[in-house]
Amino acid sequence: MKIAIIGCGNMGMAFARAFLKFDLVKKEDFLLVEKSEDRTEKLSSFQPGVITGVISPQISEYDLIILSVKPQDFLSVSESLREVITEKQVVLSIMAGITIQIIQNALNHKAVIRAMPNTPAMLGMGITAYSASPEVEMNQLRKVENLINATGRSVFLEDEEQLNAVTALSGSGPAYFFYVVKAMIEAGKKMGFEESVAALLVKQTMLGSFHLINTADKSLDELIKAVASKGGTTEAALRQFEAGGLDETLMDGIIAAQVRSRELSEG
Ligand SMILES: NC(=O)C1=CN([C@@H]2O[C@H](COP(=O)(O)OP(=O)(O)OC[C@H]3O[C@@H](n4cnc5c(N)ncnc54)[C@H](OP(=O)(O)O)[C@@H]3O)[C@@H](O)[C@H]2O)C=CC1
Ligand SMILES: O=C(O)[C@@H]1CCC=N1
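As the structure is a prediction and not an experimental result, all values here were calculated from the model.

Novice: Any chance you could explain the overall build of the protein chain here in plain terms?
Specialist: Helices and strands together make up the secondary structure of the protein chain, namely 11 helices and 8 strands. Over its C-alpha atoms, taken along the principal directions, the protein chain stretches across nearly 70 × 40 × 35 Å. In the protein chain, which comprises 267 residues, the proportion classed as buried is 32%. A fraction of 64% describes how many contacts in the protein chain between residues 6 or more apart in sequence connect residues 24 or more apart.

Printed below as a string of structure tokens:
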């Protein structure tokens, strides 16, 4: 399969590397379109077939076109792409918020898959949800699903609107996790630890706790209860979190991300 990637930043290249790792695509079968000169310099070490700063008719030789520019850059990309895209090509967009309908209209092109991955895709440990327009043929969908699965796990959604919630939950989710880890490390520093020691304590705690979620035969409430001894230290912390409305704040934040994802489709 020959793949063109428009926007070769964090996510575009995470996808490209995952496809290569699983031998799904040959290096020479990539066309990388990147606007940033800094990024373009770094892309040469990837040794793709073509690196370019502009969308040209050459792109019509590629089976799949991945749109991985920021949503705000889509309009200008679509103006050049609609001139050269051909009917047999499939478009895979990972842009937050931009709907299949908007992409179809802007490109005057029917076969569009919209996906929402996350940054652990860089390690092949991502989760991607995706929806497709009815014009994407089953064999095309399967091929794209195989590519996505090189970046981690995937889930197909019949209802495209749910991708806004996915964006808020798992798309943005890694940042919430890093935010909590950072706050815990800061607390460790406040209590007198050097950053490296605080980071070791926190990171190993998060890793071990994650595995407990997956392997222990207990609900999250039971896992919390198993840590929080009556009248003990954990209870003191949890009381403070509740008083500050931490769980509500987290939920409100995630819903704000969903609202923002919907807004992005409005331009
Ligand atoms: N980061 C994440 O965790 C996730 C991101 N996404 C989505 O993925 C998309 C990309 O995100 P991310 O990789 O983080 O962004 P990046 O900014 O890292 O990458 C986008 C790249 O596209 C370049 N670009 C902009 N306009 C053009 C153009 N006309 N032609 C070619 N290249 C262009 C940008 O250059 P310049 O910097 O000069 O503008 C930049 O290098 C976004 O739409 C985002 O919503 C989805 C899931 C997770
Ligand atoms: O913050 C964003 O808009 C993108 C989408 C999900 C993660 N990053």
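Novice: I keep staring at the UniProt feature "domain: Pyrroline-5-carboxylate reductase catalytic N-terminal" (unreviewed entry) in the protein chain and nothing clicks. Help me out?
Specialist: Sequence positions flagged by UniProt for "domain: Pyrroline-5-carboxylate reductase catalytic N-terminal" (unreviewed entry) are, in local numbering, residues 2-97. Taken end to end, residues 2-97 has its terminal C-alpha atoms 26 Å apart, with 31% of it in helix and 20% in strand.

Novice: I'm lost on the sheet that holds strand E1 (residues 3-6) in this one. Help?
Specialist: Strand pairing within a sheet occurs via backbone hydrogen bonds; the two strands may be parallel or antiparallel. One open sheet accounts for 8 strands, arranged E3-E2-E1-E4-E5-E6-E7-E8; its pairing is mixed. Whereas interior strands pair on both sides, the edge strands pair on one side only; in this sheet they are strand E3 (50-52) and strand E8 (152-156). The sheet shows a mean angle of 20 degrees between the axes of neighbouring strands, taken without regard to direction. Strand direction decides the pairing type here: strand E5 (residues 90-93) and strand E6 (residues 112-116), joined by 3 bridges, are parallel.

Novice: Help me understand the domain arrangement of the protein chain, please; the structure alone is not making it clear to me.
Specialist: It is common to give the size of an interface as the accessible area lost on bringing the parts into contact. Taken domain by domain, the protein chain comprises domain 1 (3-163) and domain 2 (173-264). If you average the C-alpha positions of domain 1 and of domain 2, the two centres end up 34 Å apart. In this assembly, 7 residues from domain 1 lie in contact with 6 residues from domain 2. Classifying every residue of the side of domain 1 that touches domain 2 by side-chain character gives 4 nonpolar, 3 polar and no charged.

Novice: What exactly am I supposed to notice about the site of ligand 2 here?
Specialist: All residues adjacent to ligand 2 are Ala-96, Thr-167, Gly-171 and Ser-172. When the residues that make up the shell around ligand 2 are grouped by side-chain class, the tally is 1 nonpolar, 3 polar and no charged.

Novice: Explain the environment of Phe-177 to me, please; I cannot follow it from the model alone.
Specialist: Structurally, Phe-177 is set in helix H7 (residues 173-190). Counting along the chain gives 18 residues from Phe-177 to Asp-159, while the straight-line C-alpha distance between them is 27 Å.

Novice: Can you help me understand the site of ligand 1 in this one?
Specialist: In the region of ligand 1, 26 residues are neighbours, and Gly-7, Gly-9, Ser-36, Met-95 and Ala-96 sit closest. A per-element tally of the shell around ligand 1 places helix H1 (residues 10-21) first, with 3 residues. A per-class count over the shell around ligand 1 returns 11 nonpolar, 10 polar and 5 charged.

Novice: Looking at this structure, I do not really get the pairing of strand E7 (residues 126-132). What am I missing?
Specialist: Across a regular strand the side chains alternate sides, sitting on one face of the sheet and then on the other. Counting buried residues in E7 gives 7 out of 7 residues, a clear majority hidden from the surface. Burial of the side chains of E7 extends over both faces: Gly-126, Thr-128, Tyr-130 and Ala-132 are buried on one face and Ile-127, Ala-129 and Ser-131 on the other. Note: E6 against E7, 4 bridges, orientation antiparallel. Each bridged residue has a counterpart across the sheet, and for Arg-114 the counterpart in E7 is Ser-131. Examined bridge by bridge, E7 and E8 share 5 bridges and lie parallel to one another. Each residue of the ladder has a partner; that of Thr-128, found in E8, is Ser-154.

Rules used throughout
The written sequence of each chain sets the order in which its residues are numbered from 1. In the order they appear in the text, chains get letters beginning with A and ligands get numbers beginning with 1. Side-chain atom pairs in this predicted model are given and counted only at pLDDT of 80 or more, local residue features only at pLDDT of at least 70, and totals for whole chains, interfaces and linings cover all residues. A run of H or I in DSSP counts as a helix once it spans at least four residues, and a run of E counts as a strand once it spans at least two, with each numbered from the N terminus. Burial is judged by counting the other C-beta atoms within 10 Å of a residue's own C-beta: 20 or more makes it buried, 12 or fewer makes it exposed, and any count in between marks it as partly exposed, with every C-beta position built from the backbone. Once C-beta atoms are placed from the backbone, any two residues with those atoms within 7 Å are in contact. UniProt positions are given in the numbering used here, feature names are shortened, and annotations may be inferred rather than shown by experiment. Note on pairing: two strands pair once DSSP finds at least 2 bridges between them. Fitting a line to C-alpha atoms yields each axis, with helices limited to the stretch in contact; the angle taken between N-to-C directions then spans 0 to 180 degrees. What fixes the domain bounds is an automatic or database domain assignment. In this count, Pro and Cys sit with the nonpolar residues alongside Ala, Val, Leu, Ile, Met, Phe, Trp and Tyr, while Asp, Glu, Lys and Arg are called charged and the others, Gly among them, polar. What makes a residue near a molecule or strand is its C-beta atom, placed from the backbone, lying within 6 Å of it.

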